[in-house]
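Residues per chain are reported as follows:
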Amino acid sequence: SGWIFSVLLAYLIAVKQPVATMPMHTRNQNNLFISPIVLAAVVTAMEAVSTDLFRLMQCGAILPFSIHPSSTTRSATVTFFCGNFGVVLLNQAWMRMPSSSSDGKKSSSSQPAVLDILEKMANVTMMRGAQSGGIVTYLQSSLPKKSHQLIATRSRVVNRKRSDLSKLLRNKVQRDVFPSSPLLGLLPISNGFKVINPTKDDLTHAFMGHTRFATSSKASFEGTHPQQWTPPRNRRMYNFNLLPPSKKSYLASLIDTSLRLGTGEKGPDNNSAAAAVTTRDERTTSPTTVAVENYITHNGDFDFYELNGTSYELDTIQKWLEIALQSPIPATVDSAAIAGLIDLLRTQGCFGLSIRYAVCLGLSSSRMTDDAKIANLPAYEEYEKIGTYFEQVLDDMLLTMKLEEISSSLEERCKLSDRVEARLECEYKSVLLPVIGKYVTSEEDDVEEGVIASLYSFVTTTVDAFFDNDLLHATKTFLANAKGSFGLCISSSLDAHRQLCLAARGQTISIAFYPTKGLICYGSEQAAVKAGITIDLPGGRNALLEKSHLDIDNDALRLDLDDLGGEVCLLDWGVRSHRSHAISPPNRRIAECHKVMNGSAAVYLIKESQVTRKNDLLYHRMTRLTRNQFIKPLQEESDDLVLSDIEDIPRVCRTIQDDWHNRSSVKTMSLNRLTMWNLGRCLRKRLEMRVNGDGGGDNAVDILLTGCEVSLWLAEQFTSDLQKAFPKLVVRCVSSNKFLGLYGQEISIPIVGFPVSSKTDTINDAIVIIVSHSGGTFAPLACSNLLQSTTQNIFVVTSEWDTQIGKQLRSMNRSGHTARGKKNDQMLLMFNSRIFTTEVGLRPAEPCSVSVAATHQLLTNIFEHMCIVILSDFRYRHASGAVITERDLQVLERCNQDNIQALESIVGVDANGDVLHCGAGGGTTTAELIKAGDIWAEHILENAKAYIMSFFYVFVTVTVGYPLLSLLAIAAGLPSSSPFFYLVRFFDAMIYFFLPQINVIILRLIQKRNLLHRMVGRTVVIGDIPWVAQAAEAFLSKIFACSYSIAGLNVLSANPSDHLVHRHTHRVVRGTLLVCGRPDGRLAALSSAEASVCLSVNQASSIQSIGGTCESVTIGHNPFKLPLSARAIFLGRHRPQFLCEKILGEVDIEEEKARRQLLLTAAASDPKCSEENKNGRNGNELVRRWSSCSLRSNVSNGSLFGLQSSHGKRRHILRRQSSGGTTSTKESASGESHGSTSNLYSKISFVLGHAPKNKRSKGKSRRSMSRQNSHNSCPSDDGTFEDAFFSEGEPPDGNCRPSLKNRSSTALLGAYIDLEKKSHMMENKVPSSKRQPLSVDKMVYTAIQDKKTHDTVRELFDAIDVNGNSTLAKEEFVVGYSKLNPDLSKHHIEKIFEESDVGENGCLDFEDFSRVIKMTPVEIVAMLQAKNRDERGLIQVEPSKEEYFGEKIRKGLSTNYNFSATRSQYFSQELYETRIASLQRFVAMTVMFHRMGKRVQEFFPRISCGFFGYRMDR
């Protein structure tokens, strides 16, 4: 729609503008005049059509005016969230052959394999930002005299909203670097230079790439990396033997030799190959003119640059660089300023550049200013003129010695400086004074520090820069003076044939070495450098590169630079092809040199500060990528990454559980178990401090959780559960961003609106759990570094072992233990793991599904284990105020294990990856979710479809010339001259005007959707507990992030038990889409929660306008559909019943028996049925026949079931029983008319075992519900149910068993309240009719009874207290209590004593003894639970093996209907909701939402023949 508007606007301006804007004297002339306004409108329309309609990028062929933008305006500093990536190809096969897949099959594409590597790395790095990207490489000049010259080729693209940046970059590099024709003689052209076809040369190629995410400006072409300030300029350069040889390199010669071994052909030996390296004499005395250009890629911030003790801000630096480099600023981004400074710093081999460096940066008089007059810097030609004096002296010295000898000798440098100073001193007034006299003086008396420097210092600085300022030294000098965070890659055309420089400070950089493939990868994302794992070397592995003396030599290894202290790394792959030093003399002693790639390359490392321990061997710092079970390869490509993630949820959750319980096929200790052992050790240490009264104060935090976005929401739920389980522990969850703002800034950022400050909580020695799926998000990563100064108990929950946070935490172990050098500490390192991993690996899909489910699953296992650790010691239980019991944990673990089957039924795929069909474990639930997604997708697409229908109608009718009604009128014989024909045309005009609305109505009629919804964009409101609502909102909003505006979606979320009504019901309109997750109200602890959710849904659905309201869908386990909801999706139970469900079901059975007997009695009393009874008809058939005829005739006159008015009391009981519990006013108001004829008839028919036939839709719903309940019924549901409902051996109708009575949430709440009241009356054995209001006499009587009880307990205490010291020792308690309860063993009684010894002094006082005596049997059973250890002795939470939860508790009760015992399960029911049921609802929402997004995504390519489209995983 945007390009259409632009074209129409341009047309209107072109029609109206010319005459109005042309000058008067040209209006009547034939001169061609185009208004600037018209021109601007036309250009805008062209751009809109090319980019929006044809999806073309801003490139030279389309928009030539945007290729080389030059900006003279300046704006504020831009901060990026960017990423670096790149490759170095030591094997030419990557440039010449297509890639091979992991199974050895060659790619169908003929493109070089390097493009596949670059695309994969860019695809991963895009997670850091994908607004624009670029890649630069260097090609060899084709000119014979310039064969040593390298020409940079930069490929840059600006990504569009729905395009794939990695594919755009690949295509751009292919066009720019590789020839499009297979002809051997075709040479690509770069920057006006002809270069050799890169697939035919012998140069070792490197590709340096970058992806950008702009945070304070638009993503523009000019701001896209790689950045360059100075365009290619010719410089006079001396050969330091760093230039590439014209013949084959040493490595290429050796590869040719190895290839000839099989043919018997003799190749050159090492000496002859080495002799071919140098093509020019090393004693060459004259410089060569070479085109010089430098490129950088940078992620981070460049804030200040310090020069001579003064810090200059970015704006000043940018303006000064324009003066110093005499080149306009290429872009206002901070990275361009870095490129400009590198242009000044990289000077080795050129006296002109060295003099410019000395004047601008090297002297004490150097300074930065944005005033050109004050700076007074000369042109570069003046620097070169001064440089001729240096060249003359150097050439004379080169007659007797080599350049390297002068460079490495301080004495020879002094000789060179002295001779140059002598010459310049004579020529100072004529040569130096007019050019740089403001900075340099030849008079010693005029030297002033910071104002003007001496001539000698100028000469020595220039000479040192000439010999020293190579790529490594330039990078090191920049970082030493720059302030900010940097992830840098710096390259130069002077060095690109053998080296590039990487640097990390505050930003991560990783380098991977693949010796057997001849490949080096680097990137800001650790996962990006794993691209080389899955792609094999084209043409097979090379014999030379496989040569190894040790097995580890062939391993792929990764080096992570020290981003904390700062580290510079020079990659040099010229160690074999060049004999000269790779780095200049000043860095040879401080840089660590390490051979890699089996000696084919070298790594030089310089650390800015020793934050990490210095290793003698680089191998100790590196991570092995191959033969490492902890390293996960990159995920395979998929057409639907989101669906792949969702279908992988059951497998991932089962894998986590198997790994946690050591059930995996690998017979090794689980990494998560080792980490949990370490966490348990830290937890015990923390609890010991609390037991000893050294907890750190009232505001000391015991456990701190932190994270961002989805990870934070999961951590908040974990915190809530843990705090409720142990109220006396201080458990906090704080956003990583808030934590950084509070503790990670020099000036703290106040956390407004949250009770968090540096004084509210103390985190010293706290246990910290960082939740981060990626393990590299900036804020959690920064917190992992920041918190190390306050606590060493830091753990992370992440997707895999190999993450940035994991690397930081592993470095804590090395620095904390290996420095001691003790064997015990070395052994402890093996068990000092800090990383919990879901083993999900990198998931490139933006909508989070499997990562959320896996993290929640792992946190559930961690929660169980932490609880077991605390419950294992009665002292810890007392110190933490434990509410949770081991029985609760057993129930949770049983539900946790059964949850896998539930997830399988929701996603429709089992844990093995096999698709489940309907009836095979959950296809019905999946089908319901998909159907709901289809309906909502049609809601979203109706405007787009109506737009297309309108287009065809207008197109056809206008082309034909006859609108619809006019054509029908003419066909009917109505003449066009008739006055009625104008009326027909009027209605045709009305059709045109209301055509979109008419088409929408037609679509809704065809699809049988609600006609009263608004015809506007849709809004989806998600309601559930906080973590589910927020995670589902993020999932759905990202699904539609790239959708077209005509099919857009607004997504909101809220908690229906809290603020959904207050925040969103006032915004409810016809057609609002509401999806709410309902807690399982069949559980007594959750019945009120479901009632509140249902009330919120009913309130939102009751807001109507002209008969229409929102369309609400509920997802939950209680199979009861709300009357006002459009759809209810019921999830299978997949767990045993709780005690409350069991008792309620048994009460229902008894009531159904009584009701059935009542019906049989009523049927027998009917005269018509009495005759049939004599004929031998059974009771069920009599009741059926009686209920079908007598009910209809007797209800109208008020006689229900044929009973007379004298049986009014019995009629009331029947009505109440048929309503399923207490009837509430809200249910009646919402449409639950329990007293209606149809409801009563349907309930009676259901009791008799056959479905009602008077309402087809309800019968269908009940049949589907019955199938659902049949599949999900527990073993405890079998047998007694059929016996209770069907006597005389009659089977139920169909193949489905009858299920428990379906109740609404309020009916369940009322039923449980009634049961609890009855149970309370039975316990007190006081009939309800005899209960009187509480009076003074009653209170006095109760007090007297309490006093008697107290006296009795005192007498008992004194009798057991043998020694009479008013306390009971363990021996006294065991002897005395065994007489009171002889069924308990001595071990059990001792455990009761330990649990009751709150003071931990080895004895019980009277208060402790009184609490023991008053304990209920349920409390005693809970106290005497066994320890949770498996047969291997590992601490495990064993799942409950009860037929129904609470079976053991019920056996000790005096009556089967003691409902008060169910309260002991309330907390386990709440944990079931927060840890299990909520996860099932979230996964169900992802299935439904994915279906919505998939239907919308597939619509546009289908109707446009593939022209329009997008991917919802972006």
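Please read these numbers as outputs of a predicted model, since none were measured by experiment.

Undergrad: When you look at the nonpolar core in this model, what are you seeing that I'm missing?
TA: A general tendency of soluble globular proteins is for nonpolar side chains to be buried together. Formed by 127 residues in total, the largest nonpolar core has its most connected members in Ile862, Phe863, Ile884, Trp1027 and Phe1489. The leading source of residues in this core is helix 54 (residues 1466-1503), at 17 residues. Residues in contact with Ile884, not counting those within four places in the same chain, are Ala725, Phe726, Phe863, Cys867, Leu871, Leu889, Phe1467 and Leu1471. Listed in part, the 92 residues of the second largest apolar core include Phe240, Cys360, Leu361 and Phe478.

Undergrad: Explain the packing of aromatic side chains here, please?
TA: To describe a pair of aromatic rings, one takes the distance between the centres and the angle between the planes. With the rule as written, the count across this model stands at 33 aromatic pairs. Residues Phe390 and Phe458 carry aromatic rings whose centres are separated by 6.4 Å and whose planes lie at 75° to one another, so their mutual orientation is edge-to-face. Note that Phe390 is positioned in helix 12 (residues 380-398) and Phe458 in helix 16 (residues 455-468), a separation of 68 residues in sequence. Judged by relative accessible area, Phe458 falls into the buried class, the value being 0%. Where Trp660 meets Phe836, the ring centres are 6.4 Å apart and the plane angle is 25°; that geometry is what we call stacked. With a gap of 176 residues between them, Trp660 in helix 22 (residues 649-660) and Phe836 in strand 26 (residues 835-837) connect regions that are remote in the sequence. Its relative accessible area of 3% is what places Trp660 among the buried residues. Pairwise contacts between aromatic rings join Tyr238, Phe351, Phe390, Phe458, Phe466 and Phe467 into one cluster. Its end group placed over the ring of Tyr1472, Arg1135 keeps NZ or CZ at 4.9 Å from the ring centre.

Undergrad: Explain the sheet that holds strand 26 here, please?
TA: By way of backbone hydrogen bonds, the strands of a sheet pair with one another, either parallel or antiparallel. Reading across the sheet, the five strands line up as 23-22-24-25-26 and stay open at both edges, with parallel pairing between neighbours. Only two strands of the sheet have a single neighbouring strand rather than two, namely strand 23 (731-735) and strand 26. Here the average twist between neighbouring strands, direction ignored, is 20°. Two elements, strand 22 (residues 703-707) and strand 24 (residues 767-771), share five bridges in a ladder whose sense is parallel.

Undergrad: Help me understand a negative patch on the surface, please; the structure alone is not making it clear to me.
TA: Among the surface-exposed residues, Glu425, Glu443, Glu444, Asp445 and Asp446 lie close enough to one another that they form a single negatively charged patch. Looking at Glu444, the relative accessible area reads 56%, which means it is exposed.

Undergrad: Whenever I open this one, helix 29 (residues 850-871) confuses me. Can you help?
TA: Residues three or four positions apart in an α-helix share a direction because the helix packs 3.6 residues into each turn. Here helix 29 contains 22 residues, and its C-alpha end-to-end distance of 32 Å stays within 8% of the 32 Å for a straight helix at 1.5 Å per residue. Along helix 29, 22 of the 22 residues are buried, which leaves the element largely enclosed by surrounding structure.

Undergrad: Looking at this structure, how should I read the pattern of salt bridges?
TA: Close approach of charged atoms allows side chains with opposite charge to pair. If you walk through the whole model with that rule in mind, you get 57 salt bridges. Across the pair Arg1127 and Glu928 runs a salt bridge, and its minimum N-O distance is 3.5 Å. Separated by 199 residues along the polypeptide, Arg1127 in strand 31 (residues 1127-1130) and Glu928 in helix 32 (residues 923-960) bring together distant segments of the chain. For Arg1127, a relative accessible area of 18% gives the class buried. Here Arg1491 ties to Asp934 by a salt bridge, and the two come within 2.7 Å at their closest N and O atoms. Taken together, the residues span a long stretch of sequence, with Arg1491 in helix 54 and Asp934 in helix 32 at a distance of 557 residues. The exposure class assigned to Arg1491 is partly exposed, which follows from its relative accessible area of 29%. Judged by its relative accessible area of 17%, Asp934 falls in the buried class. A single network of salt bridges, built from pairs that share partners, joins Asp934, Glu938, Lys945, Arg1491 and Arg1495.

Undergrad: Could you clarify how one ought to interpret the pairing of strand 31 in this entry?
TA: The side chains of a regular strand alternate between both faces of the sheet. Residues Arg1127 and Ile1129 of strand 31 are buried on one face, and the alternating residues Ala1128 and Phe1130, pointing to the opposite face, are buried as well. Bridging between strand 30 (residues 1111-1116) and strand 31 involves four bridges; their strand directions are parallel. Of the residues in strand 31, the one forming a bridge with Thr1114 is Ala1128.

Undergrad: Honestly, the sheet that holds strand 10 (residues 310-313) in this entry has me stumped. Any pointers?
TA: Across the sheet, which stays open at both edges, the seven strands sit in the order 10-9-13-14-18-20-19 with antiparallel pairing between neighbours. The open sheet has two edge strands, strand 10 and strand 19 (592-596), and neither has a second partner. In this sheet, neighbouring strand axes are inclined to one another by 25° on average, regardless of whether the strands run parallel or antiparallel. Pairing geometry for strand 19 and strand 20 (residues 601-607), over five bridges, is antiparallel. Among the inter-strand pairings, Lys595 is bridged to a residue of strand 20, identified as Ala602. Where helix 9 (residues 334-345) meets the sheet, it contacts strand 9 (294-307) and strand 13 (482-492), and its direction lies at approximately 85° from that of strand 9. The strands that helix 17 (residues 471-481) touches are strand 9, strand 13, strand 14 (499-505), strand 18 (567-572) and strand 20; relative to strand 13, the one it contacts most, it runs at about 165°.

Undergrad: Just checking my understanding: could you explain the confidence of the model for the protein chain for this structure?
TA: Any residue range with low pLDDT should be treated as having predicted coordinates unsuitable for detailed reading. On average, residues of the protein chain score 78 in pLDDT, and 74% of them reach the 70 mark or higher. In this model, residues 817-827 is a region of pLDDT below 50 whose contacts with residues beyond four sequence positions or in other chains number ten contacts. Note on residues 1189-1299: pLDDT is under 50 here. Beyond four places in sequence and across chains, it has 150 contacts.

Definitions and limits used
- Along each chain, the written sequence defines residue order, and numbers are assigned to residues from 1.
- For this predicted model, a pLDDT threshold of at least 70 governs which residues receive local features, and a threshold of 80 or more governs which side-chain atom pairs are given and counted, while totals over whole chains, interfaces and linings are taken from all residues.
- To obtain the side-chain values, all non-hydrogen atoms of the structure were included, while hydrogens and water were left out.
- What makes a nonpolar core is a set of buried Ala, Val, Leu, Ile, Met, Phe, Trp, Tyr and Cys residues whose side-chain atoms join them at distances within 4.5 Å.
- Buried residues are those whose accessible area, probed at 1.4 Å on protein chains only, stays under 20% of the maximum for their type, while exposed residues exceed 50% and partly exposed ones sit between those limits.
- In this text, helices come from DSSP runs of H or I with a minimum length of four residues, and strands from runs of E with a minimum of two, each type numbered from the N-terminal end.
- Pairs of residues are marked as contacts when any of their non-hydrogen atoms sit within 4.5 Å.
- The aromatic pairing rule takes the rings of Phe, Tyr and Trp, using the six-membered ring of Trp, and pairs them if the centres are within 6.5 Å, calling planes under 30 degrees apart stacked, those over 60 edge-to-face and the rest tilted.
- Here, a charge over a ring is recorded when the distance from Lys NZ or Arg CZ to the ring centre is within 6 Å and its angle to the ring normal is within 35 degrees.
- Pairing between strands requires that DSSP locate at least two bridges from one strand to the other.
- Convention adopted: a line fitted to C-alpha atoms gives each axis, helices being fitted over their contacting stretch, and angles between N-to-C directions are expressed from 0 to 180 degrees.
- Residues forming no salt bridge and having over 30% relative accessible area are the ones grouped into patches, like charges within 9 Å of each other and nonpolar side chains (Val, Leu, Ile, Met, Phe, Trp, Tyr) within 5 Å.
- Where accessible areas are quoted, they stem from the Shrake-Rupley method and a 1.4 Å probe; at the residue level, only the protein chains shown are allowed to cover.
- The rule for a salt bridge is simple: a side-chain nitrogen of Lys or Arg has to be within 4 Å of a carboxyl oxygen of Asp or Glu.
- Counted as positive: Lys and Arg. Counted as negative: Asp and Glu. His and the chain ends are not counted at all.
- Note on charges: their place is set at NZ of Lys, CZ of Arg, CG of Asp or CD of Glu.
- Working rule for helices: expected span equals 1.5 Å times residues minus one.
- What pLDDT conveys is the predictor's confidence in a given residue, as a value from 0 to 100.

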